[in-house]
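# Secondary and tertiary structure notes
This is what each chain is made of:
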Amino acid sequence: MQVNENFEPVIVAFCCNWCSYAGADLSGTNRLNYPTNVKIIRVPCSCRVNPMFILRAFQKGADGVIICGCHPGDCHYTSGNYFTRRRITLLYSMLDFLGIERNRTRLEWVSAAEGAKFAATMEQFTADVKALGPNRRLEDLRCRKQ
Amino acid sequence: MQEAMIKRAKELLADGSVDRVIGWKRGEFAYDITPAVFTSAEELEHDFVFDDFTAANVSKYLVKETAKEGKILAFLKPCDTYSFNQLIKEHRIDREKVYVVGIPGGPKLDIEKIKAKGITGVLSVKNEDYTLKIETLYGEETMPFSEAVLDKCASCKSKKHVAYDELIGEDGDVLESNRFDMVEKLENMTAQERFDFWRGQLSKCIRCNACRNVCPACTCENCVFDNPKSGIDNKAAADSFEENMFHIIRAFHVAGRCTDCGECSRVCPQHIPLHLLNRKFIKDINELYGEYQAGADTTSRAPLTDYTKDDCEPSVVHERGVE
Amino acid sequence: MLKISKSRLGELFDAVAAKQTLYIPTDREPGAAEYKKYESGMELTKELNTVRSAKDFFFPQTENLADFRIDGKNIEVRDIREECGDFVVFGVRACDARSFTILDKVFLCEPVDSFYKNRRDHGTVVTMACSRPAETCFCQTFGIDPTSPEGDAACFDDGESIFFKANTEKGQAFIDSIASLLEEGDTAKLDEVNAKTKEIMAKLPLAKLSTGNFGGDKLNEYFNSDKWAELSEACLGCGTCTFVCPTCQCYDIRDFNTGHGIKRFRCWDSCMYSDFTKMAHGNPRLTQLERFRQRFMHKLVYFPANNNGEFGCVGCGRCLAKCPISMNIVKVMKALEEK
């Protein structure tokens, strides 16, 4: 597949307030770089992410969606991320079943102490999505910027 | 069977055990039955029908019916009892207000399959030893019974009634079914092939909402797609994205609750195999979180409201076969 | 009458498609036909009718009306109307052809719907007479003769050849444009076919159905009928009947936020839906009974009241075939007539 070097993907990252969002902060205070393609949306817990959020991100122009939450066992609300894990596994599996590229979606556990992991994860995910090219299979043509 | 059912219904009405009976009403033609509530012996004798076309699952109507006064007799086929149980579990049906009579299940017939053979002007359909004798405006036609069986019956999962107060006829067993064959076939395709398959199917959708409205698992008072405050309400798919979104979200919302009754595909005016989306979730749940049959009981926790500490990560999706 | 041998139909389609866009009903899968843009080699369906009606050509399920572009504090409103190209819809049945007359009454009266008119002006409807009506057909109830369909031009199939007859100037122009392919033919066999069709029509299960008891003056009689409760009891509230119906014409206008502007579009609406005609004060029809009643009262009473007695149904039978619970206008008419 031909990779368009000029293509800059839009990445939406849903980050848990208690861990990954703080992890993003930490990577900033540590002066670590991560791609500016990543747009963070803060959520109170990764399990706040409704499948609809993910689909609507794609609809409104995202090329990749990543969800970041606390490591299993560390949820601020005890069990939220365990539910996230099941839900998101099934949803990603369904998107795969419908022929949507697997690398457009990801789930990572990033704690508040893992600034470096946050930056590395975003770096890697952005590169993966960039390699895939623009989201065409799950886009809303009306939202495409001319 | 129909006579036995009418007889029993009349008895239960007469002795005051029930006030109403939900079943199926005869139509204009041989096949166009309508789910209906009967309140008298005369109505039952005149209109009640139970034949090869009474496929409609009446369990969802019990949500509305048990909100009323009095007790209702419901005739449930094995597959309907799973939906019934699931609704009990979700506190949508008042069990005290229903008297369930288990009746034998299908296979039921699909008039559209008969018509797809080019048989038109259907006046009557008779099953003679698993050969259909079809009287039409243009003469008599025959076709094998098996070729006119509804898809949902062709991959029947169970002949066992999981809920009943009494049975007419014998109870059956849970079956070894081939219901995941098509899901598996799709899984083994490439992502592009799968995408093309689903685009071809979902682009036929006219957003009539029949799949949603018939679904016994879809009992929200106000669906997110009808709620102007949800931000995603829409009356028509104005873009292919909205076709995908509706069906993904609908299937996801019933994941772990869908009993695989197959009503969604049966009612689709465009013949979209919607049950495949639900079966994909069922298959994934079975493989990743252990065998689970929604509606098999009224107490177990649904897979999506449950977890274990060593559940797999979503990366299992990446590790599977071809893309 | 001018005719073409059925074996040469492909040539005819190619000739038409060379000049303008041509749509023909073709098999999507066994038992389900739909109109598709003609491409060489495509075959005409053997099905009686398409799943979706032909109204889509003039009144599509969704269409954009205007674009709003937002640039800083400025909003630019763009009229996105485009003159549509000439097109031909071939193989429309008599029932669907009549539906255009009904839609015209709605969309072409003042204020004229310019989107609809644009397509009507550019579309040529070529109808096809029926020879094998189905048990669900009841077009004759509404005075439609399926052996002599309306439309700009009408076609007749005698089994070997297709005959052409012009009903309007547009239809004459269509026939003139393909005249080189046509030859003069004898209609003796066609007359036989038509006579046979009429015999079948008389034997149809719904042949006796009549509109005699319906019309604009029956409002009080039927509106408060106690039959509605029973009839609407099993209704799922889905929109199948309204969306396959060739005459249902309700629509909603909505705005879609694209993130960089607004698209104002209209889409079909269904009186079966809980948010149908929802307004600031709420919804005028709160129960399924009221919504169900609206659909049939509209077709059998309100529409004739406002349109010189013309009913809002053409008897195509699609709702009879497609309703998930098989409740339909025929059952409603029969039930209401019962005293």
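Residues numbered from 1 in each chain as written. Chains lettered and ligands numbered in written order. Predicted model: local features only at pLDDT ≥ 70, side-chain atom pairs only at ≥ 80, totals over all residues.

### Digging into the overall build of chain B
Helix and strand counts for chain B stand at 13 helices and 8 strands. By principal-axis analysis of the C-alpha atoms, chain B measures approximately 60 × 50 × 40 Å. A total of 323 residues make up chain B; the buried ones form 47% of that total. Considering only contacts within chain B whose residues lie at least 6 apart along the sequence, 66% involve residues at least 24 apart. (Helix = DSSP H or I, 4+ residues; strand = E, 2+ residues; numbered from the N terminus. Buried ≥ 20, exposed ≤ 12 C-beta atoms within 10 Å, placed from the backbone. Contact = placed C-beta atoms within 7 Å.)

### Description of the overall build of chain C
Tallying secondary structure elements over chain C gives 11 helices and 12 strands in all. Here the C-alpha atoms of chain C give a radius of gyration of 22 Å, agreeing with the 20 Å that 2.2 N^0.38 yields for 339 residues. Projecting the C-alpha coordinates of chain C onto the three principal axes gives extents of approximately 65 × 65 × 35 Å. Counting only contacts in chain C whose residues sit at least 6 apart along the sequence, the fraction spanning at least 24 positions is 70%. (Rg over C-alpha atoms; globule rule 2.2 N^0.38 Å.)

### Remarks on the interface of chain B and chain C
The figure often quoted for interface size is the accessible area lost as the parts come together. Facing 35 residues of chain B, the contacting portion of chain C comprises 42 residues. Those elements giving two or more residues to the side of chain B that touches chain C turn out to be β2 (34-38), α5 (111-116), β5 (122-128) and α9 (210-214) of chain B. Examining the composition of the side of chain B that touches chain C, we find that 4 residues originate from one element, β2(B), more than from any other. When the residues that make up the side of chain B that touches chain C are grouped by side-chain class, the tally is 20 nonpolar, 9 polar and 6 charged. (Nonpolar A, V, L, I, M, F, W, Y, C, P; charged D, E, K, R; others polar.)

### Describing the sheet that holds strand β11 (residues 251-257) of chain C
Residues and elements named next belong to chain C. Reading across the sheet, the 4 strands line up as β5-β4-β12-β11 and stay open at both edges, with antiparallel pairing between neighbours. Strands with a single pairing partner mark the edges of an open sheet, and in this sheet they are β5 (74-79) and β11. Strand-to-strand twist in this sheet, taken as the mean axis angle between neighbours without regard to direction, amounts to 20°. Note: strand β4 (residues 62-71) against β5, 6 bridges, orientation antiparallel. If you follow R69 over to β5, its bridge partner there is E76. (Pairing = 2+ DSSP bridges. Axes fitted to C-alpha atoms, helices over the stretch in contact; angles between N-to-C directions.)

### Notes on the nonpolar core
Counting 216 residues, the largest nonpolar core has A:M94, B:A74 and C:V89 as its most contacted members. Among residues more than four places away in sequence, those in contact with B:A74 are B:I22, B:V58, B:L62, B:V98 and B:V100. (Core = buried A, V, L, I, M, F, W, Y, C linked by C-beta atoms within 7 Å.)

### Points about the domain arrangement of chain B
Parsing chain B into structural domains produces domain 1 (1-108 + 155-178), domain 2 (111-148) and domain 3 (179-323). Between domain 2 of chain B and domain 3 of chain B, the C-alpha centre-to-centre distance is 33 Å. (Domains from an automatic or database assignment.)

### Overview of the environment of C:L2
Residues and elements named next belong to chain C. Along the chain, L2 turns up in strand β1 (residues 2-5). Distance in space between the C-alpha atoms of L2 and N213 is 42 Å, their sequence separation being 211 residues. Residue contacts for L2: discarding those within four places in its chain leaves F163, F164, I175, L182 and E184.

### So, the interface of chain A and chain B
On the side of chain B, 33 residues touch chain A, which itself brings 33 residues to the contact. Mapped onto the side of chain A that touches chain B, the elements with two or more residues apiece are α2 (51-59) and α3 (80-97) of chain A. If one sorts the elements of the side of chain A that touches chain B by residue count, α3(A) sits on top with 14 residues. Class assignment for the residues of the side of chain A that touches chain B results in 16 nonpolar, 6 polar and 11 charged.

### A look at helix α11 (residues 329-337) of chain C
All names here are of chain C. Among all positions in α11, only I329, V330, V332, M333 and L336 are buried. For α11, the angular spread of the buried residues around the axis is 165°, confining them to a single face. If you follow the buried residues of α11, they end up packed against α6 (219-223), α7 (227-232), α9 (288-306) and α10 (318-322). (Arc of directions from axis to C-beta.)

### What about the pairing of strand β6 (residues 87-92) of chain C?
All names here are of chain C. Among the 6 residues of β6, 5 are classified as buried, and the element is accordingly described as predominantly covered. Note: strand β2 (residues 21-29) against β6, 3 bridges, orientation parallel. Across the sheet, Y23 pairs through a bridge with V89, a residue of β6. Both β6 and strand β7 (residues 123-128) contribute to a ladder of 5 bridges, which runs parallel. Pairing of V88 across the sheet is with T124, part of β7.

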